[in-house]
2 protein chains.
Amino acid sequence: MDQKDQGSIEELLEAGDLSAAAGMLADLHPSDVADLLEQADEDRRELLIALLRPQFDAEVLAYLPVDLRDEVIERLEPKALAAAVAELDTDDAVDVIQDLDEDAQQAILANLPPEARALVEEGLTYPEYSAGRLMGRTLVSVPEFWTVGGLLDYLRAAATTDDSDLPAEFYDIFIVDPMHRVVGSVPLSRVLRARRGVKLNEILHKDIRRIPVTMDQEEVARLFRNYGLVSAPVVDAAQRLVGVITVDDVVDVIEEEAEADMLAMGGVGGDDLYRAAASTALSRFRWLAVNVLTALIAAVVIEQFAGTIEKVVALAVLMPIVASMGGNAGTQALTVAVRALATKELTKANAARVIGKEGLVGLFNGLALAVIMGVIAYLWFNSPLIGGVIAAAMVINLVCAGLCGALIPFVLDRMKIDPAVASGVFLTTVTDVVGFLAFLGLATFVLL
Amino acid sequence: MDQKDQGSIEELLEAGDLSAAAGMLADLHPSDVADLLEQADEDRRELLIALLRPQFDAEVLAYLPVDLRDEVIERLEPKALAAAVAELDTDDAVDVIQDLDEDAQQAILANLPPEARALVEEGLTYPEYSAGRLMGRTLVSVPEFWTVGGLLDYLRAAATTDDSDLPAEFYDIFIVDPMHRVVGSVPLSRVLRARRGVKLNEILHKDIRRIPVTMDQEEVARLFRNYGLVSAPVVDAAQRLVGVITVDDVVDVIEEEAEADMLAMGGVGGDDLYRAAASTALSRFRWLAVNVLTALIAAVVIEQFAGTIEKVVALAVLMPIVASMGGNAGTQALTVAVRALATKELTKANAARVIGKEGLVGLFNGLALAVIMGVIAYLWFNSPLIGGVIAAAMVINLVCAGLCGALIPFVLDRMKIDPAVASGVFLTTVTDVVGFLAFLGLATFVLL
C-alpha cells in the first residue's frame, strides 16, 4: 500500500473525521486493510474494525495472520460475518473458517445460504493441508467435442445470465469426458489464438498434472513450482474433476511452508507476533524446557571434571568456546540439510555423500579454528599444552558437528519427524557433550 | 517426477542401454531432468550430461541450483549452449546467464543470434534482483480503441504467421496509449466472456499495479502475493510498457528469498549442497571466525571471575546453562522478529510494542526457568545460595535476551543491514556476556 494512503487514514482518524476515513477504507484493497489492522495498536484496531463492520469484506480475513484473524472475528457479529463469508470463493471461505474454533465455525455456517454452506462443509471434510482445502469449486469444464466457437458462445451467454457460475477469473479450460474425468486442458491464450472452427481436442494439452484431492499442500506447491503451473485440475479417486487450484493459493502455501520451517528452527511453534505476551511465553516454554534438559546433560558432563577445573581454572574460561564453535558449525550443516530435505534435494540417493562432505567441511574448519584457538590459548595462558588440548578438541567437535548436523535431520526425516522442529536440540546436545568431553577429557589426561 | 520414471532411467543406465535412457530423458520435463542431475553422483552426472548434450534443453539450467548450473555449463560446448539458450524466453536466458563468470557469459552471447543477444544484453543492464531482470519481453499490447473482435482477429492472424512474436503463454492483454504507456489491462477470462463488438476500454481494469523496471524483486514478490496477481506490466521511468512479469517467476523469487533468510540465520551464505567440501568450508569460515570473537569476549568475562570459580567449582558446572538458555530464548524472539521484518509486519509503528512484549515474554519464561533451575541447583549442590543466584541470573538474562532478540534485528534493518545475516552474532554476544556476568557476578557478591 502507498505510505501516503496509510498516512492519510491515520491523519483522518487522528482528526476524528471518521466518515472520511471509512470512505477511504472502503476503497482499499483487502490486503491493504489487513496491513492496516496488523500495524495498528489495540485501540486503533478496535476503531478500524468498528468502521469496517457495516460493510465488512471477508477477503480481509484471508490476508490476516491466524491470531489476528481470530481477534477480528470475535469483534464482528456472526450474521455480519456470515454475510461477508458468503461472498467469498469456497476455497477462501474454507481457509477463513477452518482455523476457527467449533462454536465460531457453527455460528458462521448456520448463517450461510444453504448452497454455500454445503460447499464449505464439504471443503472442511478434506484433510487439513490437503489439495481439497485449497481448491476452488467454480471452474470452466466442457466436453472435448466442442469447438472454440461453441466455447466462446457458451462463455458469452453464461456471462450475461444473472446466476452465472463462472469463476471471476480463470486461466485454463478443462476438457472432460462423459464421466467428468479430465481429458486435458486448454490455456486461455491458446483459445484466443484459435479460429472458431477449431475443435478443443485439437488444441488441448493432454500431458497435464492432475492433483489428487488428498495430496498434501506442500506437494501441490512443489508441482506448481516445478512445472510452472498457473492452475491445475483437482480430481477425486475416480479421476473425476472436483475443483481447481490456482497459483495464488499456492503462493500462500509456499510462504507458509518456508515460514514454518524457519520459525521451527528458531524454536517457535508459529507466528506469534499478535498473541499476548503470556500466551506467547507459554507456547515457547515447551521448547525452552527441552533445552534445559540438554543444558543439564552438558552440566553433568562438566561436573565429572570438577577436580580438573579446580586445578586449572583456565579450562573453565576456555571450555564454552569449544562447545559454542561446535554448535555454530553444526548449525550451518543442519540448516543446509533441513533446507535440502524440504526441497527434496537431499534424498536417500545422495545422503551418504552429503553427510560425508559435511564431515570433511567440519575437518577443514576444525583445523583452521584449531590453529587460531591453539595459538590464542597458548599465548593467553602461556601454556603450549592448553593450546594443544583446545586445538585437538576443536577438530574433534567440528568433525562431529558436521557429521551430526547433516545426519540428524536426515534420520528424523526418515522417521517422519519434522527435521526443522527437532534437529536443533539433538545437535546442541551432541556438540555440547562432545565439546566438553573432548576438551576436559583431554585436559585431564594431558595436564594432570 | 514419478519415482517410477526415475527408477527406469536408473535401470537403463545400470544396464548400459544408453540410447533407451537418452530417449526417456528427451521426454522428461526440464524440471525433472534437473532433479535427476541434482541427485546423481559425480560419475552419473557426467553420463547424464553426455546423453543430454546433443539436444540440450537450456530450460533445464533454469531449474538447477547455481553451483550445479555452473558445473553443467562447463561440460557443454559454448556453441551447443548458445543454441540452447537462444530457445529460451529472454527472462529465462538472462536468469541463466547472469550468474556465470564474464568469460562464460561472453562465449554464450557471442554465439547467440543478434536479436536475442541484444535483448539479453539489455536485460543484463538492469540491476541485479530488479524487476528488469525478471521480466519477459514478449507480451500482447494493443490500443484502447480496439474491440474484442479486433483483438481476436489480430491474435488468430499473429498465431499463424511464422515469425509470430506472441508469447507462448499469456494471461493479460495490456492496453496502451499512443505513447506506449499502460492504460490498463484485460485478463483473458474477461476477453473470452465479452462479445466481439465490446470495446476493450469498456472492460479494462484501470486500477492495476504497474511495476517500475528498477523495483527490487522482493518488493515485486510482495505485490504479487498481496494482490493475487498472475501477470503485471513492467514500465520504465516514463511509464512506458517495457515488459511483463508472470507469477511463475515470482514463485521462484519467493522461494529464494525465504531460503536466503533461513540460510543466513543458520550462518550459511548460500545453498552450498553441490559445492566441493573445501570451497564450502571456506565460504562458511567467515561466519565461524566472527563467532570466535564472540566466544572470546565471553571467555574474557569468565576470566574475571576465575578466583570465584576456583573456590566454588559448581559455578563452572552451572554457568553454561544460564548462557545457553538466554541464547535459546533470544533466538526465539529473534526468529519471530526477522520473519516479521521480512513480511513487513514489524515496522516503526509497532516496534516499541513488539520489543516490549518480547521483554515481557522473557520475564515470564525467565521466572519459570528460574524456579526450575533454582530448585535443581539447590538440590544438586545442596546450597540455597547457589539456587538463588542461578534463579536471579536466569531472569536477568532472559529479559535481556527477549528485548535484544527483537531490538537487534529491528535496529540492523533500520541501518540497512540484513537482519537475517547479522543478528545472531550480536544476540549471542549479549546473551553470553550478560549470562556469565550476571551469574558469576552475583555469585561473587553473594557467596564470597
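Rules used throughout
Residues numbered from 1 in each chain as written. Chains lettered and ligands numbered in written order. Predicted model: local features only at pLDDT ≥ 70, side-chain atom pairs only at ≥ 80, totals over all residues. Heavy atoms only, no water. Least-squares fit on C-alpha atoms with pLDDT ≥ 70 in both. Contact = heavy atoms within 4.5 Å. Patch = residues over 30% accessible without salt bridge, like charges linked within 9 Å, V, L, I, M, F, W, Y side chains within 5 Å. Areas by Shrake-Rupley, 256 points an atom, 1.4 Å probe, with all protein chains shown as cover. Salt bridge = Lys/Arg side-chain N within 4 Å of Asp/Glu carboxyl O. Lys, Arg positive; Asp, Glu negative; His and termini not counted. Charge placed at Lys NZ, Arg CZ, Asp CG, Glu CD. Helix = DSSP H or I, 4+ residues; strand = E, 2+ residues; numbered from the N terminus. Buried < 20%, exposed > 50% of the residue type's maximum accessible area, 1.4 Å probe, protein only. Polar contact = N/O pair within 3.5 Å; in protein donor to acceptor, adjacent residues only side chain to side chain. Pairing = 2+ DSSP bridges. Axes fitted to C-alpha atoms, helices over the stretch in contact; angles between N-to-C directions. Left-handed = near helix turned anticlockwise from the far one by under 90°. Nonpolar A, V, L, I, M, F, W, Y, C, P; charged D, E, K, R; others polar. Domains from an automatic or database assignment. Buried area = accessible area lost by both parts, 1.4 Å probe. Parallel < 35°, antiparallel > 145°, perpendicular 65-115°, else oblique. Phe/Tyr/Trp six-rings, centres within 6.5 Å; stacked < 30°, edge-to-face > 60°. Lys NZ or Arg CZ within 6 Å of the ring centre and 35° of its normal. Core = buried A, V, L, I, M, F, W, Y, C linked by side-chain atoms within 4.5 Å.

Peer 1: Just checking my understanding: could you explain the relation of the copies chain B and chain A for this structure?
Peer 2: When chain B is brought onto chain A, the operation consists of a screw motion whose angular component is 180° and whose axial shift is 0.0 Å, with 0.1 Å RMSD remaining. A rotation of that kind, with that shift, is consistent with a two-fold axis. Comparing interface residues between copies, 100% of those in chain B also lie at the interface in chain A; the contact surface is shared.

Peer 1: Looking at this structure, I do not really get a negative patch on the surface. What am I missing?
Peer 2: On the surface, a cluster of negative charge is made up of Asp 57, Glu 59, Glu 87 and Asp 89 of chain A. You can see Glu 87 of chain A is positioned in the loop between α7 (78-86) and α8 (90-98).

Peer 1: Please explain the side chain of Glu 255 of chain B as it appears in this structure.
Peer 2: Within the secondary structure layout, Glu 255 of chain B lies in helix α16 (residues 247-265). Classification of Glu 255 of chain B as buried rests on a relative accessible area of 16%. Engagement of the side chain of Glu 255 of chain B in a polar contact is seen with the side chain of Arg 339 of chain A, the distance being 3.0 Å. Not counting chain neighbours up to four residues away, the residues in contact with Glu 255 of chain B comprise Arg 225, Ile 254, Arg 339 and Thr 343 of chain A.

Peer 1: I'm lost on helix α15 (residues 217-227) of chain A in this one. Help?
Peer 2: In an α-helix, one turn spans 3.6 residues; hence positions three or four apart end up facing the same way. All names here are of chain A. With nine of eleven residues buried, α15 is to be regarded as a mostly interior element. The opening residue of α15 is Asp 216, an N-cap whose side-chain oxygen sits 2.9 Å from the backbone nitrogen of Glu 218. With its phi angle positive at about 55°, Gly 228 sits one or two positions after the end of α15.

Peer 1: Before we go on, may I ask you to explain the pattern of salt bridges in this structure?
Peer 2: Should the charged atoms of two oppositely charged side chains come close, the side chains can pair. Counting across every chain of the model gives 30 salt bridges over all chains. Of the charged contacts, one joins Arg 240 of chain B and Asp 236 of chain B as a salt bridge, the two residues approaching to 3.2 Å between their closest N and O atoms. Look at Arg 240 of chain B and you get partly exposed, because its relative accessible area is 37%. Overall, Asp 236 of chain B belongs to the buried group, its relative accessible area being 19%. Taken together, the shared-partner salt bridges in this structure form one network comprising Arg 45, Glu 46, Glu 71 and Arg 75 of chain A.

Peer 1: Looking at this model, I keep getting lost on the pairing of strand β6 (residues 241-246) of chain A. Mind explaining?
Peer 2: A regular strand carries its side chains on alternate faces of the sheet. Residues and elements named next belong to chain A. Of all six residues in β6, five are buried, a share of seventy percent or more. Two strands pair when backbone bridges link them, and strand β5 (residues 231-235) and β6 are joined in this way by five bridges, in the antiparallel orientation. For Val 235, the partnering residue across the bridge sits in β6 and is Leu 241. Counting the residues that bridge the hairpin from β5 to β6 gives five residues, and of these Gln 239 lies at a positive phi of roughly 70°.

Peer 1: Mind showing me how you'd approach the packing of helix α17 (residues 277-303) of chain A against helix α20 (residues 348-381) of chain B here?
Peer 2: Interhelical geometry of α17 of chain A versus α20 of chain B gives an angle of 35° and a closest axis separation of 9 Å. Crossing angle aside, the handedness with which α17 of chain A passes α20 of chain B is right-handed. A breakdown of the residues in the contact of α17 of chain A with α20 of chain B according to their chemical character gives 19 nonpolar, two polar and four charged.

Peer 1: What is the right way to look at the side chain of Thr 431 of chain A in this model?
Peer 2: For Thr 431 of chain A, the location among the structural elements is in helix α22 (residues 419-447). Those residues within four positions of Thr 431 of chain A in sequence are excluded, and the remaining contacts are Ala 323, Gly 326, Gly 327, Asn 397 and Ala 401 of chain A.

Peer 1: I tried to follow the domain arrangement of chain A on my own but got confused; where do I start?
Peer 2: Interfaces are often sized by the accessible area lost when the parts come together. Residue and element names in this part refer to chain A. You can read the domains of chain A as domain 1 (3-126), domain 2 (141-265) and domain 3 (277-447). Its C-alpha centre places domain 2 at a distance of 49 Å from the equivalent point of domain 3. When domain 2 packs against domain 3, the two sides together hide about 650 Å² of surface, and 59% of this comes from carbon and sulfur. Linking domain 2 with domain 3 are zero salt bridges, by the criterion used here. Applying the counting criterion to the domain 2 and domain 3 interface returns two residue pairs in polar contact (both at pLDDT 80 or more). Elements supplying a minimum of two residues to the side of domain 2 that touches domain 3: α15 and α16 (247-265). For the side of domain 2 that touches domain 3, the class distribution of residues is two nonpolar, no polar and three charged.

Peer 1: Quick question: what am I supposed to make of the packing of helix α3 (residues 30-39) of chain A against helix α4 (residues 42-52) of chain A here?
Peer 2: Two quantities define a packed helix pair, namely the angle between the axes and the distance from one axis to the other. All names here are of chain A. One way to put it is that α3 packs onto α4 with a least axis distance of 8 Å and a crossing angle of 150°. As summarised for this structure, α3 and α4 are arranged roughly antiparallel, according to the angle between their axes. In the crossing of α3 with α4, the sense of the turn from one axis to the other is left-handed. On α4, the residues touching Val 33, Leu 36, Leu 37 and Glu 38 of α3 are Arg 45, Leu 48, Ile 49 and Leu 52. Its residues placed into classes, the contact of α3 with α4 shows six nonpolar, no polar and two charged.

Peer 1: Explanation requested: the sheet that holds strand β1 (residues 141-143) of chain A in the structure shown.
Peer 2: In a beta sheet, neighbouring strands pair by backbone hydrogen bonds and run either parallel or antiparallel. Residues and elements named next belong to chain A. The strand order across the open sheet built from three strands is β1-β2-β3, with neighbouring strands paired in mixed fashion. Since the sheet does not close on itself, it has two edges, and those belong to β1 and β3 (182-187), each with one partner. Sheet twist, expressed as the average angle between the axes of neighbouring strands with direction ignored, equals 35°. Bridge analysis of strand β2 (residues 172-176) against β3 gives five bridges, and the strand direction is antiparallel. Paired with Val 176 across the strands is Val 182, a residue of β3.

Peer 1: Just to check I follow, could you spell out the packing of aromatic side chains for this structure?
Peer 2: The geometry of an aromatic ring pair comes down to the distance between the two centres and the angle between the two planes. Residues and elements named next belong to chain A. What the rule picks out here adds up to four aromatic pairs over all chains. Note on Trp 146 and Tyr 154: the rings are 5.4 Å apart at their centroids and 75° apart in plane angle, and the pair reads as edge-to-face. Over the ring of Tyr 227 we find Arg 209, and its NZ or CZ is 3.7 Å from the ring centre.

Peer 1: Mind showing me how you'd approach the interface of chain B and chain A here?
Peer 2: Listed by partner, the interface residues are 121 residues for chain B and 121 residues for chain A. Note on chain B versus chain A: buried area summed over both sides is about 10300 Å², and carbon and sulfur give 65% of it. At the boundary of chain B and chain A, one finds eight salt bridges. With a closest N to O distance of 2.8 Å, Glu 358 of chain A and Arg 284 of chain B form a salt bridge. In this structure, the connection of chain B to chain A is made through 38 residue pairs in polar contact (both at pLDDT 80 or more). Residues of the side of chain B that touches chain A, tallied by class, amount to 71 nonpolar, 21 polar and 29 charged.

Peer 1: I'm lost on the nonpolar core in this one. Help?
Peer 2: The nonpolar side chains of a soluble globular protein tend to be buried, and buried together. Of all hydrophobic cores here, the largest spans 88 residues; its most connected members are Phe 439 of chain A together with Phe 439 of chain B. Beyond its immediate chain neighbours, meaning those up to four positions away, Phe 439 of chain B contacts Leu 315, Leu 318, Met 319, Val 322, Val 389, Ile 390 and Ala 393 of chain B.

Peer 1: Just to check I follow, could you spell out a nonpolar patch on the surface for this structure?
Peer 2: Residue and element names in this part refer to chain A. A cluster of nonpolar side chains, contributed by Val 371, Val 375, Tyr 378 and Leu 379, occupies part of the molecular surface with about 400 Å² of accessible area. Locating Val 375 in the fold gives a position in helix α20 (residues 348-381). Given a relative accessible area of 44%, Val 375 falls into the partly exposed group.

Peer 1: In this structure, what is going on with α3 of chain A? I would like to understand it.
Peer 2: With nine of its ten residues buried, α3 of chain A lies for the most part within the structure. Residues of α3 of chain A that are buried: Pro 30, Ser 31, Asp 32, Val 33, Ala 34, Leu 36, Leu 37, Glu 38 and Gln 39 of chain A.

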